[in-house]
Amino acid sequence: DRKERKDRGLGKYRATAPVETWAPTVIEDHKEFEAIDVTETSKLKSNQQREEELTKGKKRNAVLNDKNIRQDGRPLSSLRPMFIKTSIISQANGSAYIEMNQTKVVCAAYGPRPVKSASIGFSDLGILNCYFQYATFSNPPTFAESQSYKTTTEEDELSVLIEQALIASLKLDSFPKSEVDVFIIVLENSGSSLGAAISCASLALADAGVEMYDLVSSCS
């Protein structure tokens, strides 16, 4: 019975509405739906772009006023006021402390000392290791509050950048089979932490007596 009813129904539709009649209508309706979807999508994208532009404008206004002056009174071409001091950590071979406005960074350098890892083997050149870290109370932009602190991806990337900036200024051939470890901690972060870290690390290396071609300074 079900089969007969099904055949009857199909036969009825075939008799009253052949494929040549309803198929073009369905295709046209589908095109209309596609056009509506594209229009709605473009509207959503335009709204998102407007929101992003407004957000960027608000952020810029939060940093600069109408005369392109920062909140602390500095124009765009002015550097942050700095305070620098060396030899502040007695246990380290060299250390430095730097303040760039509200950004505060401390750095300690240990070495040159024998390479700890036996897998490295003999090397005619010395090795520089840099470790960058935000203090838990420094309010870094990507720090997630947790009981057990773990190094973030951003800190690992900044450690590599600092090492690349400093290694060209060192006379690595003056301490073969040895390494220098540099530990940098951001105590307070109000911007330009990378520039402060590079300058502070260079001063700590000089304070440690590591032979260098010149000091490295950085700002952003």
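Above this text sits the structure in question.
Residues numbered from 1 in each chain as written. Predicted model: local features only at pLDDT ≥ 70, side-chain atom pairs only at ≥ 80, totals over all residues. Heavy atoms only, no water.

Student: Which residues make up the packing of aromatic side chains, and what are the values?
Tutor: Applying the stated criterion to the full structure yields 4 aromatic pairs. Here the aromatic rings of Y110 and F183 are separated by 5.9 Å at their centres, their planes lie at 75°, and the arrangement is edge-to-face. With Y110 in strand β3 (residues 103-114) and F183 in strand β5 (residues 178-188), this pair connects stretches of sequence that are 73 residues apart. When the centroid spacing of 4.9 Å and the interplanar angle of 15° are considered together, the rings of Y131 and F183 count as stacked. Taken together, the residues Y131 in strand β4 (residues 127-134) and F183 in strand β5 connect sequence positions 52 residues apart. A relative accessible area of 40% places Y131 in the partly exposed class. (Phe/Tyr/Trp six-rings, centres within 6.5 Å; stacked < 30°, edge-to-face > 60°. Helix = DSSP H or I, 4+ residues; strand = E, 2+ residues; numbered from the N terminus. Buried < 20%, exposed > 50% of the residue type's maximum accessible area, 1.4 Å probe, protein only.)

Student: Describe the nonpolar core, naming the residues involved and giving the relevant values.
Tutor: In terms of nonpolar packing, the biggest core is built from 32 residues, with L128, F132, I162, L166, V182, I184 and L205 touching the most fellow members. Those elements giving two or more residues to this core turn out to be β2 (94-100), β3, β4, α3 (153-167), β5 and α4 (193-207). In terms of residues, this core owes the most to one element, α4, which gives 8 residues. Dropping the residues within four chain positions of it, V182 is found in contact with C107, A108, A109, L128, N129, C130, Y131, A201 and L205. (Core = buried A, V, L, I, M, F, W, Y, C linked by side-chain atoms within 4.5 Å. Contact = heavy atoms within 4.5 Å.)

Student: Run through the sheet that holds β2, naming residues and quoting values.
Tutor: Taken in spatial order, the 5 strands line up as β1-β2-β3-β5-β4 in an open sheet, and their pairing is mixed. Looking at which strands have only one partner, the edges of the open sheet turn out to be β1 (82-86) and β4. Here the average twist between neighbouring strands, direction ignored, is 15°. As paired strands, β1 and β2 are joined by 5 bridges and run antiparallel to one another. Considered in β2, the bridge of T86 is made with A96. (Pairing = 2+ DSSP bridges. Axes fitted to C-alpha atoms, helices over the stretch in contact; angles between N-to-C directions.)

Student: Residues and numbers for the pairing of β5, please.
Tutor: Sheet topology places β3 next to β5; 9 bridges connect them, and they run antiparallel. In the strand pairing of β5, A109 is matched with V182. Pairing between β4 and β5: 8 bridges, direction parallel. When the sheet's bridge partners are listed, Y134 is paired in β5 with V186.

Student: Explain the pattern of salt bridges to me, and be specific about the residues and the numbers.
Tutor: The final tally for this structure, using the stated rule, is 2 salt bridges. For K104, the salt bridge goes to E188, with nearest N and O atoms at 3.0 Å. Here K104, found in strand β3, pairs with E188, found in strand β5; they are 84 residues apart in sequence, far enough to count as distant. A relative accessible area of 19% places K104 in the buried class. Using a relative accessible area of 31% as the deciding quantity, one classes E188 as partly exposed. (Salt bridge = Lys/Arg side-chain N within 4 Å of Asp/Glu carboxyl O.)

Student: Hey, could you go over the environment of N139 for me, with residue numbers and the actual values?
Tutor: Relative to the assigned elements, N139 resides in the loop between β4 and α3. Once the C-alpha coordinates of N139 and V186 are considered, the two residues, 47 residues apart in sequence, prove to be 9.7 Å apart.

Student: So what's going on with the environment of R74? Which residues, and what values?
Tutor: Here R74 is to be found in the loop between α2 (19-63) and β1. Put simply, R74 and L64 are 10 residues apart on the chain and 9.5 Å apart in space, counted from C-alpha to C-alpha.

Student: Could you give me a rundown of the side chain of S193, with the residues and numbers involved?
Tutor: Mapped onto the elements, S193 comes out in helix α4. With relative accessibility at 8%, the residue S193 sits in the buried group. Apart from residues lying up to four places away in sequence, S193 is in contact with T103, F132, Y134 and V186.

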